[in-house]
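Listed here are the chains, written in short residue letters.
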2 protein chains.
Amino acid sequence: MIPRQQVEKRVAEFLETCRRQGVKATHQRTEILRELAGSEEHPDAETILARVRKRIPAISVDTIYRTLRLLEDRGVIARVGSMRDRARFDANTDRHHHFVCTECEMIGDFCSDAMDRIPVPLEVSEMGSVEGVYVELRGICRKCKQKAMKTKGPT
Amino acid sequence: MIPRQQVEKRVAEFLETCRRQGVKATHQRTEILRELAGSEEHPDAETILARVRKRIPAISVDTIYRTLRLLEDRGVIARVGSMRDRARFDANTDRHHHFVCTECEMIGDFCSDAMDRIPVPLEVSEMGSVEGVYVELRGICRKCKQKAMKTKGPT
DNA sequence: AACTCCTTTCGTAATAATTACTATTTAGGA
DNA sequence: TCCTAAATAGTAATTATTACGAAAGGAGTT
């Protein structure tokens, strides 16, 4: 569970960002971010919509997508879980990476100093200037592995 | 330019894979792979379709997508360039990573022993078993940087 | 408070990539 | 050559995401 304190910290940061950038800190935007910041599972747009609707029943699809784009553009949230059918989101702006289960699409966070320290190869510097790194470890999660065991029988 | 020899090597490997796995090595599949293996630009499905149509005018959209999925599932090709609107493909199965220009979506290949050697954090081993790594460096390519210079004037 | 201006939202329609369906064709073994 | 399961063509359907126009909302001013 994510501590409420941290969620509110992220929300407060966002409100501050809005003020600085002259963007309105609307109820909808705040609730969308609050919902995302309180999730550990990196939900997709549809999931966020469903949850925020519990608090703001009339919120529209358009607002969800528009807001997610806005937040992403401002660097408040990030898009994770590459190239699946639906985009997944993450409000954790601390430096970290992801493990993705290719079976159930579960996404987990992890940190790695080693990864963060890797120098950019010269080869790449010649292509252009690097501004960000996206690392994703892919595999099968604990839960799916156990499920496979039960189905096929243990090795 | 990619040497014809290498393209044909990949095609031959695919034909072998088909035999081993009991999948039919059709003309369409072969041409799709041949086209992709001969491209350095990591084309999307639509681009591949257009090019293969020069040789097989009647090939259908369905076949393109179905085949790309098949090749991906068999590990013959990979999907790259995360979470943009269209998927991009890569027939290079040698270990390498990608640089993606966030402006023009150009994708370039590079190798990095340092990246390949990074150990999987314990934290991740607890989530599940890692079977693959996807690394993407993001930034602005040479060409786009120059274009920006001309537009806004040099710094 | 009333007025104005500009942003944002809602509700829904439109778009675009990808997937599904069915009749027909084809690859590859007997 | 013949047979059968697998694959394809052509097109329809699906799904995520984006766009649009009318209405609502917030902030500053009078």
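Residues numbered from 1 in each chain as written. Chains lettered and ligands numbered in written order. Predicted model: local features only at pLDDT ≥ 70, side-chain atom pairs only at ≥ 80, totals over all residues. Heavy atoms only, no water.

**Points about the interface of chain A and chain B**
Phase 1 of the analysis: Taken together, the 38 residues of chain A in the interface contact 38 residues of chain B.
Phase 2 of the analysis: Across the contact surface, chain A and chain B share 0 salt bridges.
Phase 3 of the analysis: Linking chain A to chain B there are 16 residue pairs in polar contact (both at pLDDT 80 or more).
Phase 4 of the analysis: Put simply, the parts of the chain that give the side of chain A that touches chain B at least two residues each are β1 (78–80), β4 (107–110), α5 (113–117), α6 (122–125), β5 (128–141) and α7 (142–152) of chain A.
Phase 5 of the analysis: Examining the composition of the side of chain A that touches chain B, we find that 14 residues originate from one element, β5(A), more than from any other.
Phase 6 of the analysis: Per-class residue counts for the side of chain A that touches chain B are 20 nonpolar, 9 polar and 9 charged.
Phase 7 of the analysis: With 13 bridges joining them, β5(A) and strand β5 (residues 128–141) of chain B adopt antiparallel strand pairing. Across the sheet, residue Gly139(A) finds its bridge partner in β5(B), namely Val130(B). (Contact = heavy atoms within 4.5 Å. Salt bridge = Lys/Arg side-chain N within 4 Å of Asp/Glu carboxyl O. Polar contact = N/O pair within 3.5 Å; in protein donor to acceptor, adjacent residues only side chain to side chain. Helix = DSSP H or I, 4+ residues; strand = E, 2+ residues; numbered from the N terminus. Nonpolar A, V, L, I, M, F, W, Y, C, P; charged D, E, K, R; others polar. Pairing = 2+ DSSP bridges.)

**Topic: the protein's contact with DNA strand C**
Phase 1 of the analysis: Surrounding DNA strand C, one finds 19 residues, the nearest of these being Thr26(A), Thr63(A), Arg66(A), Tyr65(B) and Arg86(B).
Phase 2 of the analysis: For DNA strand C, the fraction of protein-proximal atoms (within 4 Å) that sit in sugar or phosphate groups is 68%.
Phase 3 of the analysis: Separating a phosphate oxygen of DNA strand C from a backbone N or O atom of Lys24(A) is a distance of 3.2 Å.
Phase 4 of the analysis: In the environment of DNA strand C, a sugar or linking oxygen lies 2.9 Å from a nitrogen or oxygen atom belonging to the side chain of Gln28(A).
Phase 5 of the analysis: Listed by contribution, the elements that provide at least two residues to the surface near DNA strand C are α2 (27–37) and α4 (61–73) of chain A together with α4 (61–73) of chain B.
Phase 6 of the analysis: Looking at the surface near DNA strand C, its residues break down into 6 nonpolar, 4 polar and 9 charged. (Near = heavy atom within 4 Å.)

**Some words on the domain arrangement of chain A**
Residues and elements named next belong to chain A.
Phase 1 of the analysis: What the domain assignment lists for chain A is domain 1 (1–93) and domain 2 (95–155).
Phase 2 of the analysis: Between the C-alpha centres of domain 1 and domain 2 the distance comes to 23 Å.
Phase 3 of the analysis: The interface is formed by 12 residues belonging to domain 1 together with 11 residues belonging to domain 2.
Phase 4 of the analysis: Here domain 1 and domain 2 share an interface that buries about 960 Å² over both sides, 42% of which is from carbon and sulfur atoms.
Phase 5 of the analysis: When the buried surface of domain 1 facing domain 2 is broken down by residue, His42, Arg84 and Arg88 rank first, second and third, together holding 45% of it. (Domains from an automatic or database assignment. Buried area = accessible area lost by both parts, 1.4 Å probe.)

**Re the sheet that holds β4(A)**
Phase 1 of the analysis: If you trace the 6 strands from one edge of the open sheet to the other, you get β4(A)-β3(A)-β5(A)-β5(B)-β3(B)-β4(B), paired in mixed fashion. The strands lining the two open edges of the sheet, one partner per strand, are β4 of chain A together with β4 (107–110) of chain B. In this sheet, adjacent strand axes meet at a mean angle of 30 degrees when their direction is disregarded. (Axes fitted to C-alpha atoms, helices over the stretch in contact; angles between N-to-C directions.)

**So, the environment of Glu16(B)**
Residue and element names in this part refer to chain B.
Phase 1 of the analysis: Counting through the fold element by element, glutamate 16 comes out in helix α1 (residues 4–21).
Phase 2 of the analysis: It is 18 Å that separates the C-alpha atoms of glutamate 16 and arginine 4, two residues lying 12 residues apart in sequence.
Phase 3 of the analysis: In this structure the side chain of glutamate 16 is engaged in a polar contact, spanning 3.1 Å, whose partner is the side chain of arginine 19.

**Some remarks on the pattern of salt bridges**
Residues and elements named next belong to chain A.
Phase 1 of the analysis: Evaluated as defined, the whole model comprises 28 salt bridges over all chains.
Phase 2 of the analysis: Across the salt bridge formed by glutamate 31 and arginine 34, the nearest N and O atoms sit 2.6 Å from each other. Of this pair, glutamate 31 and arginine 34 both sit in helix α2, 3 residues apart, roughly one helical turn.
Phase 3 of the analysis: Close ionic contact of arginine 51 with glutamate 35 constitutes a salt bridge, the shortest N to O distance being 3.5 Å.

**A look at the relation of the copies chain A and chain B**
Phase 1 of the analysis: Expressed as a screw transformation, the operator carrying chain A onto chain B has a rotation angle of 179 degrees and an axial translation of 0.0 Å, and the superposed copies differ by an RMSD of 0.2 Å. Here the copies are linked by what is in effect a two-fold axis.
Phase 2 of the analysis: Here 100% of the interface residues in chain A have copies in chain B that are interface residues too; the copies meet face to matching face. (Least-squares fit on C-alpha atoms with pLDDT ≥ 70 in both.)

**Looking at unusual backbone geometry**
Residues and elements named next belong to chain A.
Phase 1 of the analysis: The backbone of glutamate 105 sits at a positive phi, close to 70 degrees, despite the residue not being glycine.
Phase 2 of the analysis: In this structure, glutamate 105 sits in the loop between β3 (97–101) and β4.
Phase 3 of the analysis: The exposure class of glutamate 105 is partly exposed, given its relative accessible area of 24%. (Buried < 20%, exposed > 50% of the residue type's maximum accessible area, 1.4 Å probe, protein only.)

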